[in-house]
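These are the residues of each chain, in order.
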Amino acid sequence: MKSSLMRLLALVACLGLFAVACGGSDADDAVDAATDAVEDAVDDAMDDDEEAMEDDAVDDEEAMEDDGEEQAVDTSLDEEELEEIESDDADAGAVDSGPVAGGTLIIGSTQVPRHFNGTVQSGLATAVPGTQLNASPLLFDENFNPQPYLAESWEVADDGLSVTLNLVEGAVFHDGEAITSEDVKFSIETAQAGHPFKTMFAPVTEVLTPDDQTVIINLSQPHPAILLAMSPGLLPIIPEHIFNDGTPVAEHPRNTEDFVGSGPFRLVEYETGSVIRLEKFEDFFIPERPLLDEIIIQISPDPSTIVLGLEGGDIDLTTTLGSAANIVRVRDNNELILTAEGHEAIGPVNWLEFNLADDVLSDVRVRQAIAYAVDREFLSNVIDQGTTFPVTTGIVPASPYHNPDAEAYAANIDRAKELLAEAGYAEGELTLAVDYIPPGQQATAEYIVQALGDAGINAELNVSADFPSWAGRVAGGEHQMTVNQVWNWGDPVIGVHRTYLSSNRVGAIWTNNTGYENAEVDALFDKAGQSVDRDERIGLYAEAQAIIADEAPIHFLSTSPTWMAMNPRVQNPPVGIWGTMSPMLDVWLAE
Amino acid sequence: MLRTVAARLVQIIGLVLAVAIVNFTLLHIAPGDAAVVIAGESGSGDPEVLDEIRALYGLDKPFINQFGSYLGRVATGDFGQSYRFNEPVTSLVRDRIGATVILGTTAILFAIIVGIAVGVYTARRPESWFSHLATVLALIGFSIPVFFLGIQLIILFASVLDWLPAGRMQDLRFEGNFIQQWIDIAEHLILPAFTLGVLYLAQYSRQTRASMLETLQSDFVRTARSKGLSERTVVYKHALRNAVIPVITLAGLQLGTILSGALIVETVFDWPGLGRLAFESVQARDAPVLLGLLMLSSILVILANLATDLVYRLIDPRIRVGGSAA
């Protein structure tokens, strides 16, 4: 009896399978989803790793209107898509009634945190839960302007050599202990010693605590990035009375167990690598915030699973969609909201970089020829299906320091051939290999091979088995050219300088891997990194970008926005410059 | 019997050592290391950061030192600390093994029961339409990529029909008593267990069918029939008992490889077990976790072989006799 029932079940399942796979209208999706499934997981882990969380320290007062417009122009999406993106912005799911407190927000993520202590660990994985668990001195608005958080006011000295923070009174950690200036001092010193972004607090010489509410940070040189370095994801305030016990903070057991934070949510449970449960902290120092009762972060290795969860209503929000196929799938779903808004401070740039130590590629004409041959518009619009936006320099258009006038190398195959001929290469004479970060950038790399072929260069793919293999090749300079993705971190001091400074040719990924050396560019970056005058910095960076464009050590391709997909019931979604890497104080759920 | 068990247990030690040497070396010579992955997740390739991470995990020491200290720790039952999860390997495995056991056992039982039933049926009526259909389905079941089947089933049953959950082991918003909780888990179990089971099911049904066809033509079956025994007794008591031996061999061997099958299924269905852990550890170059899982897997294979031998003895007296004679 039982076996015949099972037979029937198996039969039904298999027939259903064929109906879907062969005849159904979902056939393409199905095949896509299937072939992408395992790839996506790897791909996503890689992408988000890189994207993990670079920080920005763009000056205050940067009006972002220009950038907004520019992105709209740059997108080259068709009208329908543009409309959709616009309508999918933060207000799209707005309902008439006011905010309602309560409810559980479920976030889907591929990112596994090593722990929740952001003073010694950057990355989306740590920062999304970490910024709910810990408060920071400052928040930032959509124009990169600092806003009060634990610091109710702050002041930068005229000479730029010190910053004074005045902390809010009555703020307490999750164990009831008061949050004081000593905790802020301890957190800054911990981050200075142990955070992966060494440039954030490098110029800090000492931190003074004249009273419980006042923190004075002294600097060895003016440091324009210091305020942004006090963002939630970069400088969580951790309790000194717990972490200052002699155990190195990076290995401290309290980074995950019995977590005592300063933020709006407290840690209820962490099932390692699987589920993070956060619950509203009742004594949080901002009254009536947060609105949510609970946030659950559900970790899945495969972004396709997360998309299915979104579609089924099990997941409310995600930023780890992985592949273009998944983004398009959500975009085409009328019951979900997709937005590129938010996370502007991250600023990932996709580019093709040349190893200047290579005999052929040391010739600027060859590099320029390749730049003319590779059409970034085609890449973004066709290969990436509109999920990336073309960029022409290494500073993303959303940054106030972007130079829109640098040489763009608009696609021109004839010019590419001319330059190759000038460089002394007959058609078909050159053979070059293209590396890429597997597997996410494979389509980009395959297109580049094709495009170089059109220009008369025999190009071939150099396939690395996985991310570490690729990283090993590039760090060791074994490549000729590679597709890469490097994050801006908002302020160029943190995320941009590293790629070009001749002093940063140190044999590790995301440093100066091209071997680029230009004393003038070094000097421009050096000066811009110490100027607190925004206009001066804009001028200096514009000049540096123009020189780099002319010398073409890198052909800039596109920026990948952090696509956020959500259920329409999510109100006031986290679309700030740090997106989900900031406290979700105002997020609420409509029924 | 006891001697066999003891000999197998000694083999385990040798094998574990070999597994450790081979895998440790392979992981070591692969380009890139965990430090690159960890730094990558941090978004910083700063060499100072890389050095700090390598020093923290002892990755800066020479190969021989790393391996020596690893073996030393394993001998005391310490499989090290995961780079990625920042937690002892033993506790990671302990947290996840239950999920994999539930999934693996359900899948194998499903495959054995249905596989043998289908096999017997098709052997008895080889020309029936069901037999032909079963043969085709078995071929498909055996050759279809597991991740593809899994995703098709999710699309059909979770997305289109919305009958079953798309993934995970439990509903995150779930509230209820113990029994409701098990029902919730069971609902989540259906799709992954079916997907994992189909591969084995196809093999078992074909194996049973072939073996059954052969047995039904053997002398002792003819004798049984000529004694006037009912067809039912002949088939289920005499023939099946003999025909099922190769199936048990197969199942036993596969019990040991259940972890590798679970790797893809658990990843596709987001099942929080050892397979998913292995998948993530490969990506993260999380050597301590991988080494631990590979050892566990090889021990499972040996134990499964041992168990198979023992079951043989119970089922087939000839092996029992031959065994003691040797």
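Residues numbered from 1 in each chain as written. Chains lettered and ligands numbered in written order. Predicted model: local features only at pLDDT ≥ 70, side-chain atom pairs only at ≥ 80, totals over all residues. Heavy atoms only, no water.

1. A closer look at the overall build of chain A
Stage number 1. Each helix and strand counted, chain A has 18 helices and 21 strands in total.
Stage number 2. Of all 591 residues assigned to chain A, the portion counted as buried reaches 63%.
Stage number 3. For chain A, restricting intrachain contacts to residue pairs at least 6 apart in sequence, the fraction spanning at least 24 positions comes to 74%.
Stage number 4. When the accessible surface of chain A is split by element, carbon and sulfur atoms take 47% of a total near 20600 Å². (Helix = DSSP H or I, 4+ residues; strand = E, 2+ residues; numbered from the N terminus. Buried < 20%, exposed > 50% of the residue type's maximum accessible area, 1.4 Å probe, protein only. Contact = heavy atoms within 4.5 Å. Areas by Shrake-Rupley, 256 points an atom, 1.4 Å probe, with all protein chains shown as cover.)

2. Digging into the sheet that holds strand 13 (residues 348-354) of chain A
Residues and elements named next belong to chain A.
Stage number 1. Spatially, the 6 strands line up as an open sheet ordered 14-18-13-17-15-16, and their pairing is mixed. Every interior strand has two partners, whereas the edge strands, strand 14 (389-390) and strand 16 (458-462), have only one.
Stage number 2. Here helix 10 (residues 364-373) sits on the sheet and contacts strand 13, strand 15 (431-435), strand 17 (481-487) and strand 18 (554-559); the angle it forms with strand 13, its principal contact strand, is near 135 degrees.
Stage number 3. Strands in contact with helix 14 (residues 467-475) are strand 13, strand 15, strand 16 and strand 17; relative to strand 17, the strand with the most contacts, it is inclined by about 105 degrees. (Pairing = 2+ DSSP bridges. Axes fitted to C-alpha atoms, helices over the stretch in contact; angles between N-to-C directions.)

3. Some points on the packing of aromatic side chains
Stage number 1. Evaluation of the coordinates by the stated rule reveals 26 aromatic pairs over all chains.
Stage number 2. Between F116(A) and Y270(A), the aromatic rings sit 5.1 Å apart at their centres with planes inclined by 75 degrees, giving edge-to-face as the arrangement. Here Y270(A) lies in strand 8 (residues 265-271) and F116(A) lies in the loop between strand 1 (104-109) and helix 5 (124-133), a separation of 154 residues in the sequence. Take F116(A) and Y270(A): they sit in the same class, and that class is buried.
Stage number 3. Taken together, a centroid distance of 5.7 Å and an interplanar angle of 50 degrees make the contact between F110(B) and F194(B) tilted. With F110(B) in helix 5 (residues 89-124) and F194(B) in helix 8 (residues 178-216), the pair connects residues that are 84 residues apart, well separated along the chain. Taken individually, F110(B) and F194(B) each receive the classification buried, so the pair is uniform in this respect.
Stage number 4. Through successive ring pairs, a cluster of aromatic residues spans Y401(A), Y500(A), F525(A) and Y541(A).
Stage number 5. Positioned above the aromatic ring of F85(B), the side-chain terminus of R96(B) is 5.4 Å from the ring centre. (Phe/Tyr/Trp six-rings, centres within 6.5 Å; stacked < 30°, edge-to-face > 60°. Lys NZ or Arg CZ within 6 Å of the ring centre and 35° of its normal.)

4. What to know about the pattern of salt bridges
All names here are of chain A.
Stage number 1. The final tally for this structure, using the stated rule, is 20 salt bridges over all chains.
Stage number 2. Residues R329 and E311 are paired through a salt bridge, measuring 2.8 Å at the closest nitrogen-oxygen approach. Of this pair, R329 sits in helix 9 (residues 324-331) while E311 sits in helix 8 (residues 303-312), and the two are 18 residues apart along the sequence.
Stage number 3. What you see here is one network of salt bridges that share partners, running through R415, E418 and E422. (Salt bridge = Lys/Arg side-chain N within 4 Å of Asp/Glu carboxyl O.)

5. Describing the sheet that holds strand 19 (residues 564-566) of chain A
Residue and element names in this part refer to chain A.
Stage number 1. Here we have 7 strands laid out as an open sheet, ordered 8-9-10-1-11-19-12, and mixed in their pairing. In the strand order of this sheet, the two ends are held by strand 8 and strand 12 (337-339), each with one partner.
Stage number 2. Two strands pair when backbone bridges link them, and strand 8 and strand 9 (residues 275-280) are joined in this way by 6 bridges, in the antiparallel orientation. Looking at strand 9, one finds that E269 is bridged to R277.

6. Quick word on the interface of chain B and chain A
Stage number 1. Taken together, the contact between chain B and chain A spans 63 residues of the former and 73 residues of the latter.
Stage number 2. For the pair chain B and chain A, the summed buried area comes to about 5500 Å², and 65% of that belongs to carbon and sulfur atoms.
Stage number 3. Among the residues chain B hides against chain A, the three largest losses belong to E41(B), L172(B) and R173(B). Together they make up 12% of the total.
Stage number 4. Where chain B meets chain A, there are 2 salt bridges.
Stage number 5. For R285(B), the salt bridge is made with D466(A), and the minimal N-O distance between the two is 2.7 Å.
Stage number 6. Remark: the boundary between chain B and chain A carries 11 residue pairs in polar contact (both at pLDDT 80 or more).
Stage number 7. If you tally residues by element for the side of chain B that touches chain A, the top one is helix 7 (residues 146-160) of chain B, at 11 residues.
Stage number 8. Along the lines of polarity and charge, the residues of the side of chain B that touches chain A split into 38 nonpolar, 11 polar and 14 charged. (Buried area = accessible area lost by both parts, 1.4 Å probe. Polar contact = N/O pair within 3.5 Å; in protein donor to acceptor, adjacent residues only side chain to side chain. Nonpolar A, V, L, I, M, F, W, Y, C, P; charged D, E, K, R; others polar.)

7. A short note on a nonpolar patch on the surface
Stage number 1. Taken together, F178(B), I179(B), W182(B) and I183(B) make up a surface patch of nonpolar side chains, about 470 Å² in accessible area.
Stage number 2. Relative to the elements of secondary structure, W182(B) occurs in helix 8. (Patch = residues over 30% accessible without salt bridge, like charges linked within 9 Å, V, L, I, M, F, W, Y side chains within 5 Å.)

8. Focus on the confidence of the model for chain A
Residue and element names in this part refer to chain A.
Stage number 1. Residues with a pLDDT of 70 or more make up 84% of chain A, whose mean pLDDT is 84.
Stage number 2. The weakest mean pLDDT in chain A belongs to helix 3 (residues 65-75) at 35; the strongest belongs to strand 7 (residues 214-219) at 97.
Stage number 3. In this model residues 1-93 is a low-confidence stretch, pLDDT under 50, and it forms 224 contacts with partners more than four residues away in sequence or in other chains. (pLDDT = per-residue confidence, 0-100.)

9. Describing the packing of helix 8 of chain B against helix 12 (residues 258-268) of chain B
Residues and elements named next belong to chain B.
Stage number 1. Relative to each other, helix 8 and helix 12 sit at 130 degrees, their axes nearing to 10 Å. In terms of orientation, helix 8 and helix 12 fall into the oblique class. Crossing hand, helix 8 versus helix 12: right-handed. When helix 8 is examined against helix 12, the residues P192, T195, L196 and Y200 are found in contact with a partner set consisting of I258, G261, A262 and V265.
Stage number 2. Of the residues that constitute the contact of helix 8 with helix 12, the class distribution is 6 nonpolar, 2 polar and no charged. (Parallel < 35°, antiparallel > 145°, perpendicular 65-115°, else oblique. Left-handed = near helix turned anticlockwise from the far one by under 90°.)

10. Quick notes on unusual backbone geometry
All names here are of chain A.
Stage number 1. The amide bond that connects R289 to the next residue, P290, takes the cis arrangement and shows omega of -5 degrees.
Stage number 2. Tracing the backbone through its elements, the reader meets P290 in the loop between strand 9 and strand 10 (294-299).
Stage number 3. Of note, the amide linkage connecting P438 to P439 takes the cis form, showing an omega dihedral of -10 degrees.
Stage number 4. Structurally, the position occupied by P439 is in the loop between strand 15 and helix 13 (442-454).
Stage number 5. The backbone of W510 sits at a positive phi, close to 60 degrees, despite the residue not being glycine.
Stage number 6. Assignment of secondary structure puts W510 in the loop between helix 16 (497-500) and helix 17 (519-528).

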